[in-house]
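# Architecture and fold: a report
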Amino acid sequence: MTARERRSRRHGLLLLAPALTMLGLLTAYPGLYVLWLSLQHRVPVFGITEFIGFGHYVFLGQDPRFWSAARTTGLFTVVSVLVEVVLGVLLALALRAQRRGRGLGFSLLLLAWAMPAVVTAKLFEWLYHPSAGLINVLLAHRTLNWLGDPGLALPAVIMADVWRTMPFVVILAHARLLTIPTEIYEAAQVDGAGRLATLRHITLPLLSQIVLIAALFRTLDALRAFDIMYVLTGGGPANTTETLTIYAYRSLFQMLQLGFGSAIGVIVFGLVMAVAWMYLRLLWREGLAA
Amino acid sequence: MLVRIAQYPSVTSSPLALLLAATLILGGCAGESPDRGAITLVFKHARILGPVDPIPPLLREFEARHPGVRVKSESLPWTSDEQHQFYAINLEGASPGFDVMMLDVIWVPEFVRAGWLLDLSPFLDPTEMAAYFPSAAASATYAGRVWGLPWNMNAGMLYYRVDLLTRYRFRPPETWNELISQVKRIQAGERDPKLEGYLWQGKQYEGLVVNVLEAFWASGTDLLGADDRLFPDPDHAAEALAFLRGLIEAGISPRWVTAADEELSRRAFGDGHAIFLRNWPYALDLFEAPDSPVRGKVGIAPLPGRTRSAAAPGSTGGSHLGISRRSAHPAAAFALARFLTSAHAQREMSKAALYPTHEALYHDPDLIRHRPMLPRIHELMLAGRPRPVTPHYLVLSTTLQPEFSAVLVGIKSPRRAIDDGRRRLEHFLVSSR
């Protein structure tokens, strides 16, 4: 390394320092503090602070409410992300072929995406209304108890979430479709590939990387899902829509059990990191293969 | 400025907080307060919905009577849960951001234990609390001291359709069996598939706990016994839960009450789609609104009991005005709380369907002219019973909501829900006694 390179490197580090300091203060410090909190029995309202090591984690290990929330979080994440990705890619393909009304289609999709989750949830509360809701009216005036039936509440929440976030996948996939050179398709045509073969051997492989990225973002969001079920069902009935973040929220802000709630938060954090790491590995492999 | 920060030891206990404090000090030096000498009180309260908001004129009146005091009114989030979260974060963070604060009646013991409220007893005249409903005064009192002035009053009651009951020559039901047989007769006679029987609140939230408590009381038991024992009489509690589930199974209540809150049930009844409804008194004004389909057809009664002559108490609710222990102007803040809870101010507040805590106002001819049912509501409120008065109320409620909900949707037996709830509560409560 020449002196000039060293100087430039020092200079670079100096320029990075403010950003690193901010990240440290705003991310690392609170993160470590939550970890520390999760090792304590801490109820500040009653002046209780007591170090209990992994006590909360041991309790959570055999806590049916925790496992039910973990199951709900997993189910919600897998189903909603899967449906969003499949529907999103299909819609992107349909929109590409669409000559007229594409702008309108995108505007409508963006509207759903731009709406705050709380507004969406309120909207769906009315759509799911047992007797006056549009969804039951469309289903030939059935009186399905969408939000009050333990078997229907989670599907209802997932549908609302799919409606809200599927546009994100559509737009990313569409952007990628626009960058695929038309020469490739022409070449395929010359080689005699049909539409299905073109889709299978050209379009989908070229989409896979962006779809993985979309799925990564959506999965991380879904694992931390909170507002849509908080407003629609409050976690009920019988906790069938309570996710880990709702359980953490109730423990932290309603029961004011800071240590216990933090332990749930730490578990969600670990889960999100593990899933993100798996996705990144997949992406690296894709990146090398491409 | 430095001295003032040092008064709050918990602020300086962590490096991040120190950094924040430093920013505050630096920021504080930049601007001088515009008018010295004048006191500004911050009043935190939930906004009043509807066409009339009596609070701003009342605050201007207070300012006119107290030269040198200005009141800044700040609204709280919508729901009780979010308000609790707001207070917990700000008060635990020792924020001196507000003086007079609106409190849900169920929070008082918890906030007192946390040291967030100012003891109002030294400011009070000895007989001052006697003007309020005894249950409201009791819920503002903890450990023998008074921590809030009752501001508005609520109690659960039974709404019924006068026109339908008259058509079948029924009197308002006094027992649950009467209510059930009336629903069956009226539904059979009306042949309207949209007409539901009895609506109440069964969504997994605080309102569910209120409805279950009322069922417990009707069955002669409670959530907390005399010595703060949980579920002192599990047999009767299980019976009450089974009764609520039975209402749904028998079709007396529609299946969707398991997702109903106050507004969902209020709207269905208000649209004319139900015979009976359990709700708070606020709904009455909406039912009597000029464009309401049920205008002039709604009566109120106590919640039915298990046996005749033993009407069940409705749960009481409402809010108090308390004073933050961090308030820099406790005397002025108390004057404001006392003014806002005075009979004069509550008379104005009643225009927005907030029911007074002063018993005398329920027999005030002026008010009765606009609200002929006031004396009746007075009786119902007098008969009401508060939810368990304990600093752990929110732990109780949050833990039991899913258990009760599981009974209503039929995935847990009442007995198992009670056992599971008790086991969880013991884990959380034993460690914080």
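A count of helices and strands for chain A gives 12 helices and 2 strands. Here chain A has a C-alpha radius of gyration of 24 Å; the compact-globule value for 290 residues is 19 Å, and the former is much larger. By sequence separation, contacts in chain A at least 24 residues apart represent 70% of the contacts at least 6 residues apart.

For the rest of this paragraph, the subject is the domain arrangement of chain B. All names here are of chain B. Domain annotation for chain B reports domain 1 (36–154 + 316–383) and domain 2 (155–314 + 389–430). Each of domain 1 and domain 2 has a C-alpha centre, and the two are 28 Å apart. Listed as interface residues are 18 residues of domain 1 and, on the opposing side, 17 residues of domain 2.

The next subject is the pairing of strand β6 (residues 149–155) of chain B. In the case of a regular strand, side chains alternate between the two sheet surfaces. Residue and element names in this part refer to chain B. Counting buried positions along β6 gives 7 out of 7 residues, so the element sits mostly inside the fold. Looking at chain direction, β6 and strand β11 (residues 316–323) are connected through 6 bridges and run antiparallel. By the bridge assignment for β11, Pro-150 is matched with His-320.

Residues and elements named next belong to chain B. Taken residue by residue, chain B gives an average pLDDT of 89. The fraction at 70 or more is 91%. Low pLDDT, under 50, characterises residues 1–35; the predicted model gives this stretch 15 contacts beyond four residues in sequence or across chains. With pTM at 0.88, the complex prediction returns an ipTM value of 0.88.

Further remarks concern the environment of A:Leu172. Residues and elements named next belong to chain A. Looking at the element boundaries, Leu-172 is found in helix α7 (residues 153–179). Taking the number of C-beta atoms within 10 Å as the measure of exposure, Leu-172 has 21 and is therefore buried. For the pair formed by Leu-172 and Ile-213, sequence separation is 41 residues and the distance between their alpha carbons is 9.0 Å. The contacts of Leu-172, once residues within four sequence positions are left out, are Ile-210 and Ala-214.

Let's shift gears to the sheet that holds strand β2 (residues 69–75) of chain B. Hydrogen bonds along the backbone pair up the strands of a sheet, which may run parallel or antiparallel. All names here are of chain B. If you walk across this open sheet you meet the 5 strands as β2-β1-β3-β11-β6, and the pairing is mixed. Since the sheet does not close on itself, it has two edges, and those belong to β2 and β6, each with one partner. The average undirected angle you get between the axes of adjacent strands in this sheet is 20 degrees. Pairing of strand β1 (residues 39–45) with strand β3 (residues 100–104) involves 2 bridges; the strand directions are parallel. Its bridge partner being in β3, Lys-44 is matched across the sheet by Met-101. Strands β1, β2, β3, β6 and β11 of the sheet are contacted by helix α13 (residues 330–340), whose axis makes an angle of about 150 degrees with β11.

The rules behind the values
Residues numbered from 1 in each chain as written. Chains lettered and ligands numbered in written order. Predicted model: local features only at pLDDT ≥ 70, side-chain atom pairs only at ≥ 80, totals over all residues. Helix = DSSP H or I, 4+ residues; strand = E, 2+ residues; numbered from the N terminus. Rg over C-alpha atoms; globule rule 2.2 N^0.38 Å. Contact = placed C-beta atoms within 7 Å. Domains from an automatic or database assignment. Buried ≥ 20, exposed ≤ 12 C-beta atoms within 10 Å, placed from the backbone. Pairing = 2+ DSSP bridges. pLDDT = per-residue confidence, 0-100. Axes fitted to C-alpha atoms, helices over the stretch in contact; angles between N-to-C directions.

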